[in-house]
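Notes for the structure review
If you want the building blocks of each chain, they are given just below.
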Amino acid sequence: MCAAKMEFPFCDEVGKYEKLTKVGQGTFGEVFKARNRKTRQIVALKKILMENEKEGFPITALREIKILKLLQHENIVCLLEICRTKASDYNRQRASIYLVFEFCEHDLAGLLCNQQVRFSLGEIKKTMQMLCNALYFIHFNKILHRDMKAANVLITKAGVLKLADFGLARGIYLNRDPVKNRYTNRVVTLWYRPPELLLGERNYGPPIDMWGAGCIMAEMWTRSPIMQGSTEQHQLNLISSLCGTLSPEVWPGIEKLELFSKMELTQNARRRVKDRLKSYVKDPQALDLIDKLLALDPSKRYDADTALNHDFFWSDPMPCDLTKTLSRLNTSNFELLTTPRRAGGARLGQAGPSRPQAPSQNMNGSIFDRVF
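Remember, predicted model here, so these are calculated numbers, not experimental data.

As for the sheet that holds strand β7 (residues 106–107)
Read across the open sheet, the three strands follow the order β7-β9-β10; overall the sheet is antiparallel. Bordering the open sheet on either side are β7 and β10 (161–163), each of which pairs with just one other strand. Across the face of the sheet, helix α3 (residues 121–140) comes into contact with β9 (153–155) and β10 while running at roughly 35° to β10.

Right, here's the structure in full:
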């Protein structure tokens, strides 16, 4: 839990921190591991990109700060302060802004890239329980994350999960006219993007984050993103191949979505989530929860509260802390510091050395299609 209520009467200079190494790279900035020169506290510095801003402070950063001040929870990364660099008249360099966060030693994508990390079923349960707790809290507070992926799930060396990177997060406005388009559908990293966004839905809610949670949960066993599309059309094809045909029969009202008639949708595909995952996921309750989280119809997709009450979390082995596995690690594990993931899914047949190798030459973008 974050400490005191945060106030920002002024911004210290970022020079009070010594940058140690770069640990992250996102759309809106870089992330560094850093140390307070005076207190020796280790923190994470997120540099806010300002180069393209002509009208002041980026609205996305303002939104992220506002949301993080609201979301104080043990499973949400804690914003400690905001720092800056001074503008320079000499070389016309603009001031830079840094968000200072508590430091977490790992991200889930980096851990899953490490062959030495083998989570037990109890540890997977604990990880997903903490993730669902974070989602329950943000959704209860009317916030959408909108960028669920394994790289945005941080884990401390003590085994505490912290949901991070709220750069795309938004508040949910309940009283707007639902006929009017409310949000952009150009959010969520493609491999974790739910079908409603791919079909142009702009009046969406918490189910978009729960789809990402389902993808992440499956990834805990497969150790690689389960649907690696190279384009939005390709991603829809992979979703249909795994979850079944996108049709009004399984999703009433889908035909009203803007792109439903414009995309080439796979026909006569049956749902195969459990069949394709069962060689990885031996626990039947886990298979069932993943299946419920990857429901095509957002109205039928499990919300965080329902997920937390699923038998998966209340059957043996019970959720257990991650310290046994994490204590064996001598270094941090971040996606940026591991073998790069296949950018955009363009070279899907080439898995990094820490990833499961594909036994076939079928390179259509899904780990399942390379295995089955």
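Considering the layout of surface pockets
Considered as a void within the structure, the second largest pocket measures approximately 200 Å³ in volume. In terms of lining residues, the second largest pocket is bounded by Arg 63, Lys 66, Ile 67, Leu 70, Lys 142, Ile 143, Arg 170, Gly 171 and Tyr 173. At the level of secondary structure, the elements contributing two or more residues to the lining of the second largest pocket comprise α1 (59–70) and β11 (170–171). Top contributing element to the lining of the second largest pocket by residue count: α1, with four residues. Considering only residue class, the lining of the second largest pocket consists of four nonpolar, one polar and four charged.

Quick word on the packing of aromatic side chains
As enumerated under the stated definition, the model contains four aromatic pairs in all. Pairing Phe 312 with Phe 313 gives two aromatic rings, centres 5.0 Å apart and planes at 65°, and the pair type is edge-to-face. Here the two residues Phe 312 and Phe 313 agree in accessibility, since each one is buried. The ring of Phe 32 is capped by Lys 19, whose NZ or CZ atom sits 4.3 Å from the centre of that ring.

Thoughts on the packing of α3 against helix α5 (residues 207–222)
Contact geometry of α3 with α5 gives a least axis separation of 11 Å together with a crossing angle of 170°. Relative to α5, the element α3 lies roughly antiparallel. Contacts between α3 and α5 involve Leu 121, Ile 124, Thr 127, Met 128, Leu 131, Leu 135, Ile 138 and His 139 from the former and Asp 209, Met 210, Ala 213, Ile 216, Met 217, Met 220 and Trp 221 from the latter. Tallied by class, residues from the contact of α3 with α5 come to 12 nonpolar, two polar and one charged.

Describing helix α8 (residues 284–293)
In terms of burial, α8 is largely enclosed, as seven of its 10 residues are buried. The elements touched by buried residues of α8 are α5, α7 (273–277) and α9 (304–308). Capping the start of α8, Asp 283 holds a side-chain oxygen 3.3 Å from the backbone nitrogen of Gln 285, two or three residues further along.

Regarding the pairing of strand β4 (residues 42–48)
Within β4, six of the seven residues are buried, which leaves the element mostly enclosed by the surrounding structure. Across five bridges, strand β3 (residues 29–36) lies against β4 in antiparallel orientation. Bridge pairing links Val 31 to Lys 46 in β4. Where β3 folds back onto β4 in an antiparallel hairpin, the turn is made up of five residues, including Arg 40, whose phi is positive at roughly 70°.

Here we look at the packing of α5 against α8
Put simply, α5 and α8 touch, their axes get as near as 8 Å, and they point 150° apart. On the basis of the axis angle, α5 is roughly antiparallel to α8. Our pair here, α5 against α8, has a crossing hand that is left-handed. Seen from α5, the contacting residues are Met 210, Trp 211, Ala 213, Gly 214, Met 217, Ala 218 and Trp 221; seen from α8, they are Ala 286, Leu 289, Ile 290 and Leu 293. The residue inventory of the contact of α5 with α8, partitioned by class, reads 10 nonpolar, one polar and no charged.

So, the nonpolar core
Proteins that are soluble and globular tend to have nonpolar side chains buried together. Leu 131 and Trp 221 are the most contacted members of the largest nonpolar core, which has 101 residues in total. Of all the elements, α5 adds the most residues to this core, at 10 residues. Residues in contact with Trp 221, not counting those within four places in the same chain, are Leu 121, Ile 124, Tyr 280, Val 281, Ala 286, Ile 290 and Phe 312. Counting nine residues, the second-largest nonpolar core is a separate cluster that includes Tyr 17, Val 43, Cys 83 and Tyr 98.

Let's talk about the environment of Lys 162
Residue placement: Lys 162 occurs in strand β10. C-alpha of Lys 162 to C-alpha of Val 77: the two residues are 85 residues apart in sequence and 5.0 Å apart in space. Once residues within four sequence positions are removed from consideration, Lys 162 is found in contact with Glu 74, Asn 75, Ile 76, Val 77, Glu 102, Cys 104, Asn 152, Val 153, Leu 154 and Thr 156. Side-chain polar atoms of Lys 162 contact the backbone oxygen of Glu 74, separated by 2.9 Å.

Topic: the confidence of the model for the chain
Residue-level pLDDT values for the chain average 85, and 81% of them are 70 or greater. Counting interchain partners and residues more than four positions distant, the pLDDT-below-50 stretch residues 4–8 has 12 contacts. A low-confidence stretch, residues 342–364 stays under pLDDT 50, and its non-local contacts, those more than four residues away or across chains, total 51 contacts.

Let's talk about the pattern of salt bridges
Where side chains of opposite charge bring their charged atoms close, a pairing between them can arise. Applying the stated criterion across every chain yields a total of 15 salt bridges. When the shortest N-O distance is used, the salt bridge between Arg 186 and Glu 232 registers 2.3 Å. Of the two residues, Arg 186 is situated in the loop between β11 and α4 (195–198) and Glu 232 in helix α6 (residues 232–243); the sequence distance between them amounts to 46 residues. Judged by its relative accessible area of 59%, Arg 186 falls in the exposed class. Since its relative accessible area comes to 24%, Glu 232 is described here as partly exposed. Put simply, Asp 12, Lys 16 and Glu 81 are held in one network by salt bridges that share partners.

Reading guide: rules and limits
Residues numbered from 1 in each chain as written. Predicted model: local features only at pLDDT ≥ 70, side-chain atom pairs only at ≥ 80, totals over all residues. Heavy atoms only, no water. Pairing = 2+ DSSP bridges. Helix = DSSP H or I, 4+ residues; strand = E, 2+ residues; numbered from the N terminus. Contact = heavy atoms within 4.5 Å. Axes fitted to C-alpha atoms, helices over the stretch in contact; angles between N-to-C directions. 1 Å grid on protein atoms, 1.4 Å probe; cavity = no way out; pocket = protein on both sides within 12 Å on 5 of 7 lines; lining within 4 Å. Points joined across faces, edges and corners; volume = space filled by probe spheres on them. Nonpolar A, V, L, I, M, F, W, Y, C, P; charged D, E, K, R; others polar. Phe/Tyr/Trp six-rings, centres within 6.5 Å; stacked < 30°, edge-to-face > 60°. Buried < 20%, exposed > 50% of the residue type's maximum accessible area, 1.4 Å probe, protein only. Lys NZ or Arg CZ within 6 Å of the ring centre and 35° of its normal. Parallel < 35°, antiparallel > 145°, perpendicular 65-115°, else oblique. Polar contact = N/O pair within 3.5 Å; in protein donor to acceptor, adjacent residues only side chain to side chain. Left-handed = near helix turned anticlockwise from the far one by under 90°. Core = buried A, V, L, I, M, F, W, Y, C linked by side-chain atoms within 4.5 Å. pLDDT = per-residue confidence, 0-100. Salt bridge = Lys/Arg side-chain N within 4 Å of Asp/Glu carboxyl O.

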